[in-house]
Amino acid sequence: MKALVTGGAGFIGSHIVERLLNDGHEVVVLDDFSTGHRHNLPEHSSLSIIEGDISNYDTVKQCMSGIDWVFHKAAVASVPRTVNDPVGSSLINYLGTLHLLEAARQNKVKRFVFASSAALYGDEPTLPKLETMCPVTLSPYAVDKLASESACGMYSRLYGLETVCLRYFNVYGPRQDPSSPYSGVISIFTNKLSHNEIPTIYGDGEQTRDFVFVSDVVEANMKAVTEKACSGQFFNIACANKISLNHLLKTLCELYEVELNARYEEARQGDIKHSYANIDKARTLLNWSPSIDLKEGLSRLI
Ligand code: NAD
Ligand code: UD1
């Protein structure tokens with residue numbers, strides 16, 4: 001197959017690219033390198049890299065020629081960044097998705113997989129989160145993910161484009177860039193601990209996240225293009241585990257064999273208190289389940 005991976009130079013995208021190449025597929029990466037890096041991508045005869053912005057429709061159209069599968073990962077992935085710039089981020093996180101869907105429809109793409117997010121459950125108090133729950137959008141990021149999912153569903157129903165939305169919970173693993181304060185918390189904490197620095201916890205540290213290792217997320221993406229029964233659907237992708245940040249830091253300190261206390265600062269605006277998934281739907285319809293628990297994943301990462 002020929003696959004387009006938007007955001008392929010980023011953390012999750014680059015692992016999908018690696019898997020597709022290993023499986024013998026041809027890959028086109030579209031990335032503007034705003035948070036992704038060229039060094040995340042291998043030199044490979046079946047890989048072409050296009051530097052461009054998904055908010056430019058002409059660029060998107062050029063990349064779509066002859067594509068069978070689209071893995072749409074490009075986005076402003078940081079919730080606080082979208083809080084600071086709701087209009088700018090929406091041009092990428094929603095309009096960019098619409099550009100990709102429309103170009104995919106015109107080019108008769110076989111499957112379109114969208115990187116959605118647990119962020120759209122917001123502070124809906126019921127736990128664990130089920131796909132049937134009503135979204136509560138607490139950030140521009142969540143609004144754009146919800147609108148993008150809605151567009152994916154509409155493209156399936158109206159135009160017959162086969163779309164699958166994967167609602168990732170908190171993904172971690174190698175190549176997650178720790179360099180910005182907006183990076184994923186595990187990449188920041190491991191980076192701090194390996195440099196003997198004190199991590200900061202925003203809030204009381206009792207907020208919870210459902211962390212999932214990146215290779216499990218890659219596997220979910222492969223299922224999303226190969227399993228017949230999942231077209232037009234959206235799925236929680238997580239480990240079905242509720243981990244507090246205090247517990248996360250304690251586990252990391254044990255693995256690094258250090259003793260330290262975090263610095264505590266005010267909770268972030270738009271931050272969700274608890275995030276924890278029910279993954280029965282993915283187990284049943286997507287034929288997917290996670291294989292790496294937190295301790296194993298953190299050990300591999302370290
Ligand atoms: P990332 O920042 O490492 O990757 C995003 C990639 O998109 C980067 O390579 C970046 O350069 C590229 N990009 C950004 N804006 C672009 C634009 N306008 N045009 C072209 N390329 C652009 O982030 P990630 O963690 O790998 O996230 C990948 C996707 O998964 C995102 O859609 C994100 O919202 C979603 N997601 C991530 C998580 C997580 O825990 N990491 C959880 C839920 C959903
Ligand atoms: C993350 C993803 C987002 C995804 C969502 C799905 C990133 C950057 N964000 O958002 O794309 O849609 O999961 O669930 O990958 N924190 C600290 N100290 C730090 C950094 C963070 O205490 O140094 C806290 C945050 O306030 C938050 C938790 O850790 O409570 C997780 O933060 P973060 O890793 O940024 O992820 P989410 O905001 O959950």
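Since we're looking at a predicted model, the values are computed, not measured. (Residues numbered from 1 in each chain as written. Chains lettered and ligands numbered in written order. Predicted model: local features only at pLDDT ≥ 70, side-chain atom pairs only at ≥ 80, totals over all residues. Heavy atoms only, no water.)

Novice: How would you summarise the pairing of strand β5 (residues 111-117) if you had to cite specific residues and measurements?
Specialist: In regular strands, side chains alternate between the two faces of the sheet. Of all seven residues making up β5, seven are buried, and the element is well covered by its neighbours. Neither face of β5 is open: one carries Arg111, Val113, Ala115 and Ser117, the other Phe112, Phe114 and Ser116, and all of them are buried. As paired elements, β5 and strand β6 (residues 163-168) share six bridges and run parallel to each other. Pairing of alanine 115 across the sheet is with leucine 166, part of β6. With helix α5 (residues 140-159) bridging β5 and its parallel neighbour β6, the resulting β-α-β unit is right-handed. (Buried < 20%, exposed > 50% of the residue type's maximum accessible area, 1.4 Å probe, protein only. Helix = DSSP H or I, 4+ residues; strand = E, 2+ residues; numbered from the N terminus. Pairing = 2+ DSSP bridges. Right-handed = clockwise from strand over helix to strand, strands pointing away.)

Novice: How would you summarise the site of ligand 1 if you had to cite specific residues and measurements?
Specialist: The environment of ligand 1 is formed by 28 residues, the closest being Asp31, Thr35, Asp53, Tyr141 and Val171. The separation between an oxygen atom of ligand 1 and a polar main-chain atom of glycine 10 is 3.0 Å. Contact distances for ligand 1 include 2.8 Å between an oxygen atom and a backbone N or O atom of valine 171. In isolation ligand 1 has 820 Å² of accessible area, and contact with the protein removes 92% of it. When contributions to the shell around ligand 1 are tallied by element, the ones reaching two or more residues are α1 (11-22), β5, α5 and β7 (170-172). Examining the composition of the shell around ligand 1, we find that three residues originate from one element, β5, more than from any other. The residue inventory of the shell around ligand 1, partitioned by class, reads 14 nonpolar, nine polar and five charged. (Near = heavy atom within 4 Å. Polar contact = N/O pair within 3.5 Å; in protein donor to acceptor, adjacent residues only side chain to side chain. Areas by Shrake-Rupley, 256 points an atom, 1.4 Å probe, with all protein chains shown as cover. Nonpolar A, V, L, I, M, F, W, Y, C, P; charged D, E, K, R; others polar.)

Novice: Explain the site of ligand 2 to me, and be specific about the residues and the numbers.
Specialist: Ala77, Ser117, Tyr141, Val185 and Asp271 are the nearest of the 23 residues found near ligand 2. Within the side chain of tyrosine 141, an N or O atom sits 2.6 Å from an oxygen atom of ligand 2. Within the contact set of ligand 2, an oxygen atom lies 2.6 Å away from a side-chain nitrogen or oxygen of aspartate 271. Burial of ligand 2 by the protein chains amounts to 89% of its free accessible area of 740 Å². Residue classes in the shell around ligand 2 are distributed as 13 nonpolar, seven polar and three charged. Of the residues that make up the shell around ligand 2, three or more belong to each of domain 1 (2-170 + 214-237) and domain 2 (173-210 + 240-276 + 292-301). (Domains from an automatic or database assignment.)

Novice: With reference to specific residues and values, describe empty space enclosed by the protein.
Specialist: Under the criterion given, the structure shown has one cavity of 30 Å³ or more. Here the largest cavity defines a volume of roughly 30 Å³. Lining the largest cavity, in full, are His72, Lys73, Ala74, Ala75, Asn93, Thr97, Phe114, Ala115 and Lys145. Among the elements of the structure, α4 (86-106) and β5 are those that each provide at least two residues to the lining of the largest cavity. (1 Å grid on protein atoms, 1.4 Å probe; cavity = no way out; pocket = protein on both sides within 12 Å on 5 of 7 lines; lining within 4 Å. Points joined across faces, edges and corners; volume = space filled by probe spheres on them.)

Novice: I'd like to hear about the sheet that holds β6, residue by residue, with values.
Specialist: Strands pair in a sheet through their backbones, by hydrogen bonds, and they do so in one of two ways: parallel or antiparallel. Read from one edge of the open sheet, seven strands run β3-β2-β1-β4-β5-β6-β11, paired in parallel fashion. The sheet is open, and its two borders are formed by β3 (47-51) and β11 (233-237), each paired with just one other strand. Each neighbouring strand pair of the sheet contributes to a mean axis angle of 20 degrees, computed without reference to strand direction. Where strand β4 (residues 69-72) lies against β5, four bridges are found, and the strand directions are parallel. By the bridge assignment, tryptophan 69 is partnered in β5 with arginine 111. The strands that α1 touches are β1 (2-6), β2 (26-31), β3, β4 and β6; relative to β1, the one it contacts most, it runs at about 165 degrees. (Axes fitted to C-alpha atoms, helices over the stretch in contact; angles between N-to-C directions. Contact = heavy atoms within 4.5 Å.)

Novice: Just give me the short version of the nonpolar core, but keep the residues and values in it.
Specialist: Ranked by internal contacts, the top residues of the largest apolar core, which has 45 residues, are Leu20, Phe71, Leu166, Ile237 and Leu286. Counting residues per element, this core draws most heavily on helix α7 (residues 214-226), at seven residues. Apart from the residues lying within four places of it in its own chain, the contact partners of phenylalanine 71 are Ala3, Leu4, Val5, Thr6, Ile16, Leu20, Val113, Asn221, Met222 and Val225. Cys63, Val109, Ala151 and Cys152 belong to the second-largest nonpolar core, a separate cluster that totals 22 residues. (Core = buried A, V, L, I, M, F, W, Y, C linked by side-chain atoms within 4.5 Å.)

On their own, these measurements won't tell you what the molecule is for.
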